[in-house]
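Residue-level structural notes
What follows is each chain in one-letter form.
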Amino acid sequence: MKAGIVGLPNVGKSTLFNCLSNAKAQSANFPFCTIEPNIGVVNVPDPRLEKLETLVNPERVLPATVEIVDIAGLVKGASKGEGLGNQFLANIRETDAILHVLRCFDDDNIIHVDGNINPIRDKETIDIELQLKDLETVDKKLEKVKRAAKTGNKEAQKEEAVLLKIKSGLESGISVRALEFSEDEDIDFVKPSQFITDKPVMYVCNVDEASATSGNAYVDLVREAVKDENAEVLVLAVGTEADINELDDYEERQMFLSDIGLEEPGAAKLIRSAYKLLNLQTYFTAGVKEVRAWTVDVGATAPQAAGVIHTDFEKGFIRAEVIAYDDFVHFGSEAKVKEAGKMRVEGKNYIVKDGDVMHFLFNV
Ligand code: GDP
């Protein structure tokens, strides 16, 4: 599962990517500075993991991770192959969620490709390119399904109706994610088509230092513009955080963060939000050798969760011993949880909950 960072040139994508990962993507004051997509694997900051560490005192601790891709090169006309257009769109297609960076800071030294600062126009520029690409997809699909629909094939007729609805939405500038479908339509026709504008999105407003906690007038405009999209809007002083990141000393970094009113880097919050956006959740294993956060889809069953550790665990799954995170913390150890009768034994239909501390029993 990976999230892709998109946005117009010079809005701060590479800087954000650098903030998030240790990989050093180029960042310079001109368009197209990042040409190949940069992929970074980022630890998901999770205070629960630190708590478990203090309780269990293991040899090592492994956090969950999420993949972030810096996708450069989207400009007006990208859907027609301008700039790095088509390559860019192919990269976006491979992501599972989109982090859309919007420039919400003034700085005359940093050129804006369209002359002045206007995050709403920027957002629309990007949206239109993505929508045009989806329109191509829809038209191809319509072409295929049309004949079967004409001969009276019921499934084809249903699909055609859904595609026509998408087409007319896209033509009026509405992304697929904002259209309403029945559950069946969504599962049978919409989701399998993997439209770019159906991917979940989060807007990242890149602000100046003074607006790091409160946002600013640009951010207000963004919130207003996306209020019907059911999407999260996150405020982040990307440039400032990048500068703070350069400091080697942890205490010093914390001091600068609190100077701008933050307890933790905004980037940490962004990663956690991206994780949620990807519909992921965490369960833990907590042994003396290793305390570890594992990633599963929301809705995963116990055997599927076991399968994340090893496919054999899933195949040979017998049962899981499960402790709710709060119980683990409350009683302080696995032994005490057991004593208190709070350890549950769950079978193969158990739906994993975020924060479960799990132990699997399986046949080999
Ligand atoms: P990209 O083209 O979207 O990847 O943009 P970059 O991350 O390369 O940033 C373009 C320029 O804007 C660089 O010179 C950055 O240092 C600068 N920049 C990025 N974020 C901020 C910010 O929050 N404030 C200011 N003033 N400059 C920023």
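Note that this is a predicted model, so its numbers are computed, not measured.

1. Quick notes on the domain arrangement of the chain
Split by domain assignment, the chain resolves into domain 1 (2–44 + 63–116 + 199–277), domain 2 (127–197) and domain 3 (299–362). One C-alpha centre belongs to domain 1, the other to domain 2, and the line joining them spans 30 Å. In this complex, domain 1 contributes 18 residues to the contact, which on the side of domain 2 involves 12 residues. Here domain 1 meets domain 2 over a buried area of about 1200 Å², counting both sides, of which 51% is carbon and sulfur. Considering only the surface of domain 1 that becomes buried against domain 2, Ser-79, Arg-93 and Lys-199 emerge as the three largest contributors, covering 46% of it. Taken together, domain 1 and domain 2 are joined by one salt bridge. Here Glu-229 ties to Arg-177 by a salt bridge, and the two come within 3.9 Å at their closest N and O atoms. Going through the elements one at a time, helix 3 (85–93), strand 5 (97–103) and strand 6 (201–206) are the ones with two or more residues in the side of domain 1 that touches domain 2. Per-element accounting of the side of domain 1 that touches domain 2 gives the leading share, five residues, to helix 3. Along the lines of polarity and charge, the residues of the side of domain 1 that touches domain 2 split into 10 nonpolar, four polar and four charged.

2. A word on the packing of aromatic side chains
One pass over the structure, following the stated rule, counts four aromatic pairs. Ring centres of Phe-284 and Tyr-325 lie 6.2 Å apart, and the angle between their planes is 40°; on these two criteria the pair is classed as tilted. Of this pair, Phe-284 sits in strand 8 (residues 280–286) while Tyr-325 sits in helix 13 (residues 325–331), and the two are 41 residues apart along the sequence. When its relative accessible area of 0% is taken as the criterion, Phe-284 is described as buried. On the basis of relative accessibility, which here comes to 14%, the residue Tyr-325 falls in the buried class. By way of ring pairs, the aromatic residues Tyr-283, Phe-317 and Phe-360 are connected into one cluster. One residue, Arg-48, lies across the ring of Tyr-325, its end atom 6.0 Å from the ring centre.

Calculation criteria
- Residues numbered from 1 in each chain as written.
- Predicted model: local features only at pLDDT ≥ 70, side-chain atom pairs only at ≥ 80, totals over all residues.
- Heavy atoms only, no water.
- Domains from an automatic or database assignment.
- Contact = heavy atoms within 4.5 Å.
- Buried area = accessible area lost by both parts, 1.4 Å probe.
- Salt bridge = Lys/Arg side-chain N within 4 Å of Asp/Glu carboxyl O.
- Helix = DSSP H or I, 4+ residues; strand = E, 2+ residues; numbered from the N terminus.
- Nonpolar A, V, L, I, M, F, W, Y, C, P; charged D, E, K, R; others polar.
- Phe/Tyr/Trp six-rings, centres within 6.5 Å; stacked < 30°, edge-to-face > 60°.
- Buried < 20%, exposed > 50% of the residue type's maximum accessible area, 1.4 Å probe, protein only.
- Lys NZ or Arg CZ within 6 Å of the ring centre and 35° of its normal.

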